[in-house]
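Structural overview for review
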Amino acid sequence: MGINVDEVRKRLLALLSDKFVDPITGLCPQQGKEEEQLSALLGLFHQEGLIEWNRVKLYTESNKPSGRMSNELIGLKSVVGCEYPLFAKPASQEETKWGARRADLLFVQEDADRVVLVENKIGSKLKTEQLAGYLDYLTQCEFSNRFLILLSGRDFFNEDWYSSELRQMLAKKQLNVSVKSYLIYWEEVFSAVRANHKT
């Protein structure tokens, strides 16, 4: 059974509260630009300490509760880069695999020796090759604790969007144990924003 992507996207954006808006203009993320704008707001609000990550669950790649919460990966001391370029050596195999890609969000916490790459998808296509590039990049990182997270709406994951691509990629890579993968719901992120910034 298929889903109406536009309808699912609209339902998700309709859940935006007055807390999840651009603090400069007061505008909500706009349809057609929602992935980029939501990622930017999430990065900004995290830097301001406005996301209660202990209220955001981590789900397995099969969309089952993992028993863990996002604050275990994304700590208060984590710094974040939006649209972060994935560095690679020039004219190398790595540059071909991931050098042209950017992480929607990249959280780094040096004192925890941890890096978390977040791919935000709300209706656009996701290829296993893209995820494989992220996995290869994280595998080469100098951090010991490496995580790949897919961030989307509950309805997309319930219809096995994105999570199926993640499982396929992990199967091809023979479940690379050096990188752990999880899913996060935007709905839970929206609910976890503190209402103490100007709108």
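Here the structure is a predicted model, which means the values were calculated and not measured.

Some remarks on the overall build of the protein
In terms of regular secondary structure, the protein is built from 7 helices and 7 strands. Along the protein, helices (α) and strands (β) appear in the sequence α-α-β-β-β-α-β-β-α-β-α-α-β-α when read from the amino end. Taken against the 2.2 N^0.38 rule, which gives 16 Å for 199 residues, the C-alpha radius of gyration of the protein at 16 Å falls within 12% of a compact globule. Seen along its three principal axes, the alpha-carbon backbone of the protein occupies a region of about 45 × 45 × 35 Å. The buried share of the protein, reckoned over its 199 residues, is 48%. For the protein, the share of sequence-separated contacts (at least 6 apart) that also reach a separation of at least 24 residues comes to 68%.

A short note on the nonpolar core
Counting residues in hydrophobic clusters, the biggest one holds 60 residues, and the most contacted among them are Phe20, Leu42, Leu117, Leu148, Trp186 and Val189. In terms of residue count, the dominant contributor to this core is helix 4 (residues 128–140) (6 residues).

Side note on the side chain of Lys19
Residue placement: Lys19 occurs in the loop between helix 1 (5–14) and helix 2 (34–47). In this structure Lys19 is buried but unpaired, with Asp18 as the nearest side chain of opposite charge at 6.5 Å. Within the structure, Lys19 has its side chain in polar contact with the backbone oxygen of Val193 (distance 2.9 Å).

With respect to the packing of aromatic side chains
All told, the structure shown has 11 aromatic pairs when counted by the stated rule. Both rings, one in Phe20 and one in Trp186, keep their centres 5.8 Å apart while their planes meet at 80°; by these two values the pair is edge-to-face. Placement of the pair is Phe20 in the loop between helix 1 and helix 2 and Trp186 in helix 7 (residues 186–191), with a sequence separation of 166 residues. Since its relative accessible area comes to 0%, Trp186 is described here as buried.

Brief notes about the pattern of salt bridges
Close approach of charged atoms allows side chains of opposite charge to pair. Under the definition given, this model contains 10 salt bridges. The partner of Glu34 in a salt bridge is Arg9, and the shortest N-O contact between them spans 2.8 Å. Of this pair, Glu34 sits in helix 2 while Arg9 sits in helix 1, placing them 25 residues apart in sequence. Comparing Glu34 with Arg9 shows no difference in burial state: the two are buried. The partner of Arg68 in a salt bridge is Glu72, with the nearest N and O atoms 2.9 Å apart. Look at Glu72 and you get partly exposed, because its relative accessible area is 35%.

Focus on the pairing of strand 2 (residues 65–69)
As paired elements, strand 1 (residues 57–59) and strand 2 share 3 bridges and run antiparallel to each other. Directly across from Leu58, in strand 2, lies its bridge partner Arg68. The hairpin formed by strand 1 and strand 2 contains 5 residues between the paired strands, and Asn63 there has a positive phi angle of roughly 65°.

Considerations on the environment of Tyr182
With respect to the element layout, Tyr182 can be found in strand 7 (residues 179–185). Residues Tyr182 and Arg101, spaced 81 residues apart in sequence, show a C-alpha to C-alpha distance of 20 Å. Residues contacting Tyr182, with those up to four places away along its chain left out, are Leu58, Tyr59, Ser66, Arg68, Leu73, Phe147, Leu148, Ile149 and Leu150. One polar contact links Tyr182 to Arg68, side chain to side chain, over a distance of 2.9 Å.

Considerations on the environment of Glu36
As for its placement among the helices and strands, Glu36 is situated in helix 2. Take Glu36: its relative accessible area is 58%, and that puts it in the exposed class. Sequence separation between Glu36 and Arg154 is 118 residues, and the spatial gap between their C-alpha atoms is 19 Å.

What counts as what
- The residue numbering used here restarts from 1 in each chain and proceeds along that chain's sequence as written.
- In keeping with the predicted nature of the model, local features appear solely for residues at pLDDT of at least 70, side-chain atom pairs appear and are counted solely at 80 or more, and the whole-chain, interface and lining totals rest on all residues.
- With hydrogens and water stripped out, all remaining heavy atoms of the structure feed into the side-chain values.
- Helix and strand definitions follow DSSP, with helices as H or I runs of at least four residues and strands as E runs of at least two, each counted in order from the N terminus.
- The globule rule used for comparison is 2.2 Å times the number of residues to the exponent 0.38, while the radius of gyration itself is calculated over C-alpha atoms.
- Buried, partly exposed and exposed residues are distinguished by accessible area as a fraction of the type maximum, computed with a 1.4 Å probe on protein chains only: under 20%, between the cut-offs, and over 50%, respectively.
- Working rule for contacts: check all heavy atoms of both residues, and any pair within 4.5 Å makes them a contact.
- Each nonpolar core is a collection of buried residues, namely Ala, Val, Leu, Ile, Met, Phe, Trp, Tyr and Cys, held together in the definition by side-chain atoms within 4.5 Å.
- Charged residues are defined here as Lys and Arg on the positive side and Asp and Glu on the negative side; His and the ends of the chain fall outside this count.
- Between Lys or Arg on one side and Asp or Glu on the other, a salt bridge is scored when a side-chain nitrogen of the former is within 4 Å of a carboxyl oxygen of the latter.
- For the purposes of these results, a polar contact is taken to be a pair of N or O atoms within 3.5 Å, where, inside protein, one atom must be able to donate a hydrogen and its partner to accept one; residues adjacent in sequence count only when each atom of the pair is a side-chain atom.
- Pairing of aromatic side chains here covers Phe, Tyr and the six-membered ring of Trp, requires ring centres within 6.5 Å, and sorts the geometry by plane angle: under 30 degrees stacked, over 60 edge-to-face, intermediate tilted.
- Only strands joined by at least two bridges in the DSSP assignment are considered to pair.

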